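Chain residues, written in single-letter form:
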2 protein chains.
Amino acid sequence: MPKARLTPASVTEAAAALVDEVGFDNLSMGLLAERLGVKTPSLYKHVTSQAELAHRIAVLAMTEAGDVIRDAIQGRSGSDALAAGAQAMRTYVREHPGRYAAANATRPTGPDDPFIPASERVLASWAAMLSGYDLDPGQEIHAMRTLRSVLHGFATLEAAGGFQIDASVDESFTWLINFIDQGLRAGVASGSDVAR
Amino acid sequence: MPKARLTPASVTEAAAALVDEVGFDNLSMGLLAERLGVKTPSLYKHVTSQAELAHRIAVLAMTEAGDVIRDAIQGRSGSDALAAGAQAMRTYVREHPGRYAAANATRPTGPDDPFIPASERVLASWAAMLSGYDLDPGQEIHAMRTLRSVLHGFATLEAAGGFQIDASVDESFTWLINFIDQGLRAGVASGSDVAR
DNA sequence: CCACTGAAGCTAACGTGATTAGCTAAAGGC
DNA sequence: GCCTTTAGCTAATCACGTTAGCTTCAGTGG
């Protein structure tokens, strides 16, 4: 084997860094090649297509996010775990908006797509965190989806510059976490069913 | 003036319909032209670029969503208004995923961009709805952002096929609305501040 | 009623960015 | 010190957005 300057992994890593700088939509093979000091067609010796590259970034992102969230929750429980996990996720998205966008743009390509276990690890962390609140077993799935919705929604709105007013976005996020925490501790939906 | 078969408005409307079918990312001038029974370059007599077309779709979507949400909230208050507004928004996104994606992909192009008043109308509806809960004035902004986050997050996750498990997504959504409603009625964050 | 104008739509052409084909040369095994 | 393997290169192709310039018809003014 010759030079081996680039590898699929190093190309993916560079692409992930690039995408965090210029935005996922502005990823191009030409720009990436330039960053790597190589001509565009050379990249195809390491990745089969731009779509595959984007998918690799997505897997990387999901894996990294999974690590970061797991580590944040590690050793905490209940409200502490929620706050730490949520903050960890928000921080990750703020630092890696391009990767996060890549992860959201991707769909599993098949049953053995590594993206699947990577996302399952994230879900498992959230599930572990939620187990610190005593929810009805039947409600866990709904709590999980609600949690994912708020965190994902906040992160994407923030990344898109959706929060205009000058009120502190940090403050809004801690308020949001608090809101969720109190709702989970209250054992929601035990009674009224407003939403019909 | 000659034939006038197409107009900027009719092209935009067709593009919006197309995008709901094939997905925002798969919008192409060629595909749209084909749908309209016209050759690609002819479209440029009505829109200046694909970017502008996407922006027009976004404005249309935001306007339609604003109407639908306002109408749903109309005549209701408190929990009823929340439930109706949230359901209306979710329904809109389910029926018009491409338009919604367009709206999320757009950034205001300037101070007189019609997208701005269109989104403000949506925010105004949510604000009107929230006024039915008696929140601290200082908390309204946080409640608004939390609300936007959950609804946007749920809608995008659902549109992306993010809810895999076979548990009813409808049920999760009503659970979510209930969760928010109860939190808002409880007058959150009055005490503990978990999230540091 | 008819020449005139203006814009809709067309064909041809261009530019950019992804991708492929085929060549070259250097690295590691023998 | 050869020989194979393959990273990277140049040249070419393809798809798609976009532009240039021509053609034709709808409506207007005489």
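Bear in mind the structure is a predicted one, so any value in this text is a computation, not a measurement.

Moving on, we come to the overall build of chain A. In terms of regular secondary structure, chain A is built from 8 helices and 0 strands. Written out in order from the N terminus, the α and β elements of chain A read α-α-α-α-α-α-α-α. Overall, chain A is about 65 × 40 × 35 Å in size when its C-alpha atoms are taken along their principal axes. Out of the 196 residues in chain A, the part that is buried amounts to 50%. A fraction of 67% describes how many contacts in chain A between residues 6 or more apart in sequence connect residues 24 or more apart. On chain A, roughly 9,300 Å² of surface is accessible, and the fraction owed to carbon and sulfur atoms is 53%. Charge-centre separation for chain A: the mean point of 17 positive side chains lies 8 Å from the mean point of 23 negative side chains.

Now for helix α1 (residues 8-22) of chain A. Residues and elements named next belong to chain A. An ideal rise of 1.5 Å per residue puts 21 Å on 15 residues; α1 measures up with 21 Å between its terminal C-alpha atoms. Taken together, the buried positions of α1 are V11, T12, A14, A15, A16, L18, V19 and D20. Looking at the buried residues of α1, the elements they touch are α2 (29-35), α3 (50-73), α4 (78-95) and α5 (97-105). Directly beyond the C-terminal end of α1, a positive phi value near 95° is found at G23.

Residue and element names in this part refer to chain A. Taken as a whole and assessed by the stated rule, the structure comprises 26 salt bridges over all chains. Here E64 and R99 are joined by a salt bridge, their closest N and O atoms 3.0 Å apart. Of the two residues, E64 sits in helix α3 while R99 sits in helix α5, which places them 35 residues apart along the sequence. On the accessibility criterion, R99 (5% relative accessible area) is buried. Each of E13, D20, E64 and R99 takes part in a single network of salt bridges with overlapping partners.

One finds W126, M129 and I180 of chain A together with W126, M129 and I180 of chain B to be the most contacted residues of the largest nonpolar core, which totals 82 residues. In contact with I180 of chain B, other than residues within four places in its own chain, are F179 of chain A together with L82, L147 and V150 of chain B.

Now for the UniProt feature "domain: HTH tetR-type" (unreviewed entry) in chain A. The UniProt entry lists residues 5-65 of chain A under the feature "domain: HTH tetR-type" (unreviewed entry), expressed in the numbering used here. Helix makes up 62% of residues 5-65 of chain A and strand 0%, with an end-to-end C-alpha separation of 28 Å.

Attention now moves to the packing of α4 of chain A against α5 of chain A. Residues and elements named next belong to chain A. Interhelical geometry of α4 versus α5 gives an angle of 105° and a closest axis separation of 5 Å. Judged by the inter-axis angle, α4 sits roughly perpendicular to α5. Contacts between α4 and α5 involve M89, Y92, V93, R94 and E95 from the former and P97, R99 and Y100 from the latter. In the contact of α4 with α5, the residues fall into 5 nonpolar, no polar and 3 charged.

A few words on the interface of chain B and chain A. At the interface, 49 residues of chain B touch 49 residues of chain A. In total, about 4,200 Å² of surface goes out of reach between chain B and chain A, with carbon and sulfur atoms giving 62% of it. When the buried surface of chain B facing chain A is broken down by residue, R145, W175 and F179 of chain B rank first, second and third, together holding 19% of it. Joining chain B to chain A, the criterion identifies 0 salt bridges. Between the two partners, chain B and chain A, sit 20 residue pairs in polar contact (both at pLDDT 80 or more). Elements with a minimum of two residues in the side of chain B that touches chain A: α4 (78-95), α7 (137-159) and α8 (169-186) of chain B. In terms of residue count, α8 of chain B provides more of the side of chain B that touches chain A than any other element does, 15 residues in total.

Moving on: the relation of the copies chain B and chain A. For the pair chain B and chain A, the superposition axis carries a translation of 0.0 Å, the fit reaches an RMSD of 0.1 Å, and the rotation angle comes to 180°. Such values leave the two copies arranged in the relation of a two-fold axis. Looking at the interface residues of chain B, 100% of them are also at the interface in chain A, so both copies use one shared face.

On the UniProt side, "DNA-binding region" (unreviewed entry) is annotated at positions that read residues 28-47 of chain A here. Strand forms 0% of residues 28-47 of chain A and helix 35%; the C-alpha atoms that close the span are 13 Å apart.

Turning next to the side chain of E158 of chain A. Residues and elements named next belong to chain A. Take E158: it is sitting in helix α7 (residues 137-159). You can call E158 buried: its relative accessible area is 18%. Residues within four places of E158 in sequence aside, it is in contact with R90, R94, F163 and V169.

What counts, and where the lines are drawn
Residues numbered from 1 in each chain as written. Chains lettered and ligands numbered in written order. Predicted model: local features only at pLDDT ≥ 70, side-chain atom pairs only at ≥ 80, totals over all residues. Heavy atoms only, no water. Helix = DSSP H or I, 4+ residues; strand = E, 2+ residues; numbered from the N terminus. Buried < 20%, exposed > 50% of the residue type's maximum accessible area, 1.4 Å probe, protein only. Contact = heavy atoms within 4.5 Å. Areas by Shrake-Rupley, 256 points an atom, 1.4 Å probe, with all protein chains shown as cover. Lys, Arg positive; Asp, Glu negative; His and termini not counted. Charge placed at Lys NZ, Arg CZ, Asp CG, Glu CD. Expected span 1.5 Å × (residues − 1). Salt bridge = Lys/Arg side-chain N within 4 Å of Asp/Glu carboxyl O. Core = buried A, V, L, I, M, F, W, Y, C linked by side-chain atoms within 4.5 Å. UniProt positions renumbered as here; feature names shortened; annotations may be inferred. Axes fitted to C-alpha atoms, helices over the stretch in contact; angles between N-to-C directions. Parallel < 35°, antiparallel > 145°, perpendicular 65-115°, else oblique. Nonpolar A, V, L, I, M, F, W, Y, C, P; charged D, E, K, R; others polar. Buried area = accessible area lost by both parts, 1.4 Å probe. Polar contact = N/O pair within 3.5 Å; in protein donor to acceptor, adjacent residues only side chain to side chain. Least-squares fit on C-alpha atoms with pLDDT ≥ 70 in both.

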